[in-house]
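One letter stands for each residue in the lines below.
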Amino acid sequence: MASKMLFRANEILESTHVPFWGKDAFQYFRSDILSEENPFPCILGVEGFKKDLLRFSFVTTPYNYQDIRNVALALREYIDTFKTIGRYTSFVLFFKPEHKERSMEEYETMFWDTLTFLHQIDQKKWPQDIPKDPKDPLWEFCFHGEPIFVVCNTPAHSLRKSRKSRGFMITFQPRWVFEGMTGDSKIGRHIQKVVRDRLKTYDDVSAHPELGWYGQQENREWKQYFLHDDNNYTTGQCPFKLKRSEQHGRKKSLY
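In this text, all values refer to a predicted model and were calculated from it rather than measured experimentally.

### Observations regarding unusual backbone geometry
Right, so step 1: In this model, Asp 52 sits at a positive phi of 60°, which is unusual for a non-glycine residue.
Right, so step 2: Take Asp 52: it is sitting in the loop between helix H3 (43-50) and strand E1 (54-59).
Right, so step 3: A residue is classified by how much of its surface remains accessible, and Asp 52, at 19% relative accessible area, is buried.

Below, the structure written as structure tokens:
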């Protein structure tokens, strides 16, 4: 019988399937997201946690086939059920903290490798209504037939504390969560204002210039997935690699 991979918050500390390092990482995460003295900027994440809408998983490393396969299994299970959980749901993936220090660039490579590995073993085709070119403003990472906004947190972040974590961590937010939230909508403008106001006090660096709204002509979703501490740092081309079977019939990739 396969081990349990997907957890609700109230199951983690008592579960024998969650390693000690995972419980420690979760407690660090929980203290950050529920802090009243220093409110966490992502209000959707905060509300989602308070309403028990977040789901969690724990693996050792993205560079082990069995680990990445377990991530895929947990993510598929989550995607099959997320619309029944609640609007502000997310899937939070914790990796085991390492003893050695890594640079921001090393974590960035690890992040994009993880998305590429997941894509390589995805059993469903890329959704027809989502562009395959990251330079398209409507592009989004997809898995198991769903477009998903992805956020990476690492121990290397220091100034951008909203992206700092105990270990390498990835959050997957289905595009569905953001339906109706745009720069032109009342709820979108409200959420943006609250998030930006909190970022001013939470982070030791100003809001990243790449933060934008999905679908806007100048916006590129992939640039928001992994944010460096330095607002002037740019990654020239999207590191995500589309698998060969999805490239069939397309012009040669430019990235």
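There's plenty left to go through after this.
### Notes on the environment of Asp 229
Right, so step 1: Mapped onto the elements, Asp 229 comes out in the loop between helix H7 (222-225) and helix H8 (244-247).
Right, so step 2: Spatially, the C-alpha atom of Asp 229 lies 8.8 Å from that of Lys 161, the residues being 68 residues apart in sequence.
Right, so step 3: Excluding anything up to four places from it in sequence, Asp 229 contacts Met 104, Ala 156, His 157, Ser 158, Leu 159, Arg 160 and Val 205.
Right, so step 4: A polar contact of 3.1 Å, which involves the side chain of Asp 229, links it to the backbone nitrogen of Leu 159.
Right, so step 5: A polar contact of 2.9 Å, which involves the side chain of Asp 229, links it to the backbone nitrogen of Arg 160.

### Side note on the packing of H3 against helix H6 (residues 186-202)
Right, so step 1: Interhelical geometry of H3 versus H6 gives an angle of 100° and a closest axis separation of 9 Å. Judged by the inter-axis angle, H3 sits roughly perpendicular to H6. Contacts between H3 and H6 involve Ile 43, Leu 44 and Val 46 on the former and, on the latter, Ile 191, Val 194, Val 195 and Arg 198.

### Remarks on the nonpolar core
Grouped burial of nonpolar side chains is what soluble globular proteins tend to show.
Right, so step 1: Ranked by size, the top nonpolar core spans 51 residues in total, and within it Phe 111, Phe 141 and Phe 172 carry the most contacts.
Right, so step 2: Only H3, helix H4 (65-85), strand E2 (90-95), helix H5 (104-120), strand E3 (141-143), strand E4 (146-153), strand E5 (169-174) and H7 provide two or more residues apiece to this core.
Right, so step 3: In terms of residues, this core owes the most to one element, H4, which gives nine residues.
Right, so step 4: If we skip the residues at most four places from it in the chain, Phe 141 touches Leu 115, Leu 118, His 119, Trp 126, Glu 146, Pro 147, Ile 148, Val 150, Phe 172, Tyr 225 and Phe 240.
Right, so step 5: With 19 residues, the next largest nonpolar core counts Ile 12, Val 18, Val 46 and Leu 54 among its residues.

Conventions used here
- Residue numbering note: each chain is counted from 1, following its sequence as written.
- Note on the predicted model: pLDDT of at least 70 is required for a residue's local features to be given, and 80 or more for side-chain atom pairs to be given and counted; whole-chain, interface and lining totals, by contrast, use all residues.
- Only hydrogens and water are set aside when side-chain values are computed; all heavy atoms of the structure are taken into account.
- Put simply, DSSP H or I for four residues or longer makes a helix, DSSP E for two residues or longer makes a strand, and each gets a number counted from the N terminus.
- Any residue under 20% of the maximum accessible area for its type is buried, any over 50% is exposed, and the rest in between are partly exposed; the area is computed with a 1.4 Å probe on protein chains only.
- Here, residues are in contact when the closest pair of their heavy atoms is within 4.5 Å.
- For the purposes of these results, a polar contact is taken to be a pair of N or O atoms within 3.5 Å, where, inside protein, one atom must be able to donate a hydrogen and its partner to accept one; residues adjacent in sequence count only when each atom of the pair is a side-chain atom.
- Orientation is described by axes fitted as lines to C-alpha atoms, over the contacting stretch for helices, and by angles from 0 to 180 degrees between their N-to-C directions.
- Small angles under 35 degrees read as roughly parallel and large ones over 145 as roughly antiparallel, with 65 to 115 read as roughly perpendicular and the rest as oblique.
- In this text, buried Ala, Val, Leu, Ile, Met, Phe, Trp, Tyr and Cys residues form a nonpolar core when linked through side-chain atoms within 4.5 Å.

On their own, these measurements won't tell you what the molecule is for.
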